[in-house]
Amino acid sequence: MLDIAIIGSGPAALSAALNCIQRNKTVKVFGRSLDSSLLFTAEKVDNYLGMPDMNGEEMLNQFYQHAVKLGVPFQECRITQILAMGDHYVLNAENEFIETKAIILASGIIKSKAFPGEMEYLGKGVSYCATCDGMLYKNKTVVLVSENSEGEADVNFLSDICKKVIYVPLYHPVYYVKDNVEIKEGKVEEIVGDVRVKGIIINGEKIECDGVFLIKNTVPPESLLFGLETEGNSIKVNRNMETNLKNVYAAGDCTGAPYQIAKAVGEGLVAALSAATALDKEKKNP
């Protein structure tokens, strides 16, 4: 079991990881590749103290190399769900389940807004993980909506299980989808149902289905971890970067403006120290 799991791969996540290691905690960073960070594309960064005239890719690589040098382990993946287990948490890392005592959320700006009906039917026909929940829809009709090409592997997997699979790609081009998958392009307007999902409305047309799978670039934090308190699109934290949930912290752009590297790095430090201190206290007073 990890002491602290860090979700994200930007400056806040790397700062948190480095400081967790220095506090002698077992830690792992779970995130997508470095080039998925908004900082990676910055042409010039000149407002971070001591590192002038540097582009975002160079700066992010320096942060990453520093963390690697100190022994921070990384796992490139999407975290699709976090389950509270009483005294610890379980992360679903693309169908690999990892236990951790504490979590630092550093997933950056939440760019994906929830579709109407998404949160209402989450766990009632809406899922973020086809390989986890696909067998629940054996011989049924499902719709998979994807913001990126990663959805193609999931929709092909579902096509071997389900009676009918409809794929709604929100990106271009589509690379490879099996012949028995129906592709439908358009705007997702609403997920509808009563007790459970009954359909999805695309371009004004209702498509009847038993389940809807959503593959997003970023999962809304409140759907990633049930009960997490948010303010608008940001995770609500105090000055110690504590959320409303025990041993769950947040840092960086996911906590709101200003969206600056210095703020992210500082919040990553504070979150790491807060998490390490809390675990030390629990160890002394079990």
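Predicted model, so just to flag it, every value in this text is computed and none were measured.

Participant: Where do I start with a negative patch on the surface in this structure?
Facilitator: Negative charge collects at one region of the surface, where Asp35, Glu57, Glu58, Glu76 and Glu94 lie side by side. Looking at the element boundaries, aspartate 35 is found in the loop between strand 2 (27-31) and helix 2 (56-69). Taking relative accessible area as the criterion, aspartate 35 reaches 47% and is therefore assigned partly exposed.

Participant: Would you explain unusual backbone geometry in this entry?
Facilitator: Where the residue is not glycine, phi is negative for most of them; where a peptide bond is considered, it is trans in most cases. With an omega dihedral of -5 degrees, the bond running from histidine 172 to proline 173 counts as a cis peptide bond. If you trace the backbone, proline 173 turns up in the loop between strand 9 (164-169) and strand 10 (181-183). In this model, alanine 257 is joined to proline 258 through a cis peptide bond whose omega is 0 degrees. Within the fold, proline 258 resides in the loop between strand 17 (248-250) and helix 6 (261-284). In this structure, aspartate 53 is a non-glycine residue whose phi angle is positive, near 50 degrees. Within the secondary structure layout, aspartate 53 lies in the loop between strand 2 and helix 2. Even without being a glycine, asparagine 247 presents a positive backbone phi close to 60 degrees. Its location among the elements puts asparagine 247 in the loop between strand 16 (234-235) and strand 17.

Participant: How should I be thinking about the sheet that holds strand 8 (residues 141-146) in this particular structure?
Facilitator: Sheet strands pair via backbone hydrogen bonds, and the direction of the pair is either parallel or antiparallel. Here we have five strands laid out as an open sheet, ordered 7-14-8-9-10, and parallel in their pairing. Lying at the two open borders of the sheet, with one neighbouring strand each, are strand 7 (126-127) and strand 10. Here strand 9 runs beside strand 10; their pairing, made up of three bridges, is parallel. Bridge pairing links tyrosine 167 to isoleucine 183 in strand 10.

Participant: Just checking my understanding: could you explain the sheet that holds strand 11 (residues 188-193) for this structure?
Facilitator: Across the sheet, which stays open at both edges, the three strands sit in the order 11-12-13 with antiparallel pairing between neighbours. Either end of the sheet is taken by a strand with one partner, and the two such strands are strand 11 and strand 13 (205-208). Pairwise comparison of adjacent strand axes, ignoring direction, gives a mean angle of 25 degrees for this sheet. Sheet analysis places strand 12 (residues 197-202) next to strand 13, joined by four bridges and oriented antiparallel. Bridge pairing links isoleucine 202 to glutamate 205 in strand 13.

Participant: Got a minute to help me understand the pattern of salt bridges in this structure?
Facilitator: Close approach of charged atoms lets side chains of opposite charge pair. For the coordinates displayed, the defined rule picks out 12 salt bridges. Glutamate 150 is paired through a salt bridge with arginine 32; the nearest N and O atoms lie 3.0 Å apart. In this pair, glutamate 150 is assigned in the loop between strand 8 and helix 4 (151-159) and arginine 32 in the loop between strand 2 and helix 2, connecting sequence segments 118 residues apart. Looking at glutamate 150, the relative accessible area reads 33%, which means it is partly exposed. Its salt-bridge partner being glutamate 182, residue lysine 164 comes within 3.6 Å of it at the nearest N-O pair. One end of the pair, lysine 164, is in strand 9; the other, glutamate 182, is in strand 10, and 18 residues separate them in sequence.

Participant: Is there a simple way to think about the packing of aromatic side chains in this case?
Facilitator: Two numbers describe a pair of aromatic rings. These are the distance of the centres and the angle of the planes. Taken as a whole and judged by the stated rule, the model has three aromatic pairs. Seen from their ring centres, tyrosine 48 and phenylalanine 63 are 5.8 Å apart, and the 75 degrees between their planes marks the pair as edge-to-face. Placement of tyrosine 48 in the loop between strand 2 and helix 2 and of phenylalanine 63 in helix 2 is noted, with a sequence separation of 15 residues between them. A residue is classified by how much of its surface remains accessible, and tyrosine 48, at 18% relative accessible area, is buried. Here the aromatic rings of tyrosine 64 and phenylalanine 74 are separated by 4.8 Å at their centres, their planes lie at 50 degrees, and the arrangement is tilted. A residue pair is termed long-range when its members are at least 10 positions apart, and tyrosine 64 in helix 2 and phenylalanine 74 in strand 3 (residues 74-76) qualify at 10 residues. Taking relative accessible area as the criterion, tyrosine 64 reaches 25% and is therefore assigned partly exposed. Geometry around phenylalanine 115 places lysine 216 over its ring, the cationic atom sitting 4.8 Å from the centre.

Conventions adopted
Residues numbered from 1 in each chain as written. Predicted model: local features only at pLDDT ≥ 70, side-chain atom pairs only at ≥ 80, totals over all residues. Heavy atoms only, no water. Patch = residues over 30% accessible without salt bridge, like charges linked within 9 Å, V, L, I, M, F, W, Y side chains within 5 Å. Areas by Shrake-Rupley, 256 points an atom, 1.4 Å probe, with all protein chains shown as cover. Salt bridge = Lys/Arg side-chain N within 4 Å of Asp/Glu carboxyl O. Lys, Arg positive; Asp, Glu negative; His and termini not counted. Charge placed at Lys NZ, Arg CZ, Asp CG, Glu CD. Helix = DSSP H or I, 4+ residues; strand = E, 2+ residues; numbered from the N terminus. Buried < 20%, exposed > 50% of the residue type's maximum accessible area, 1.4 Å probe, protein only. Pairing = 2+ DSSP bridges. Axes fitted to C-alpha atoms, helices over the stretch in contact; angles between N-to-C directions. Phe/Tyr/Trp six-rings, centres within 6.5 Å; stacked < 30°, edge-to-face > 60°. Lys NZ or Arg CZ within 6 Å of the ring centre and 35° of its normal.

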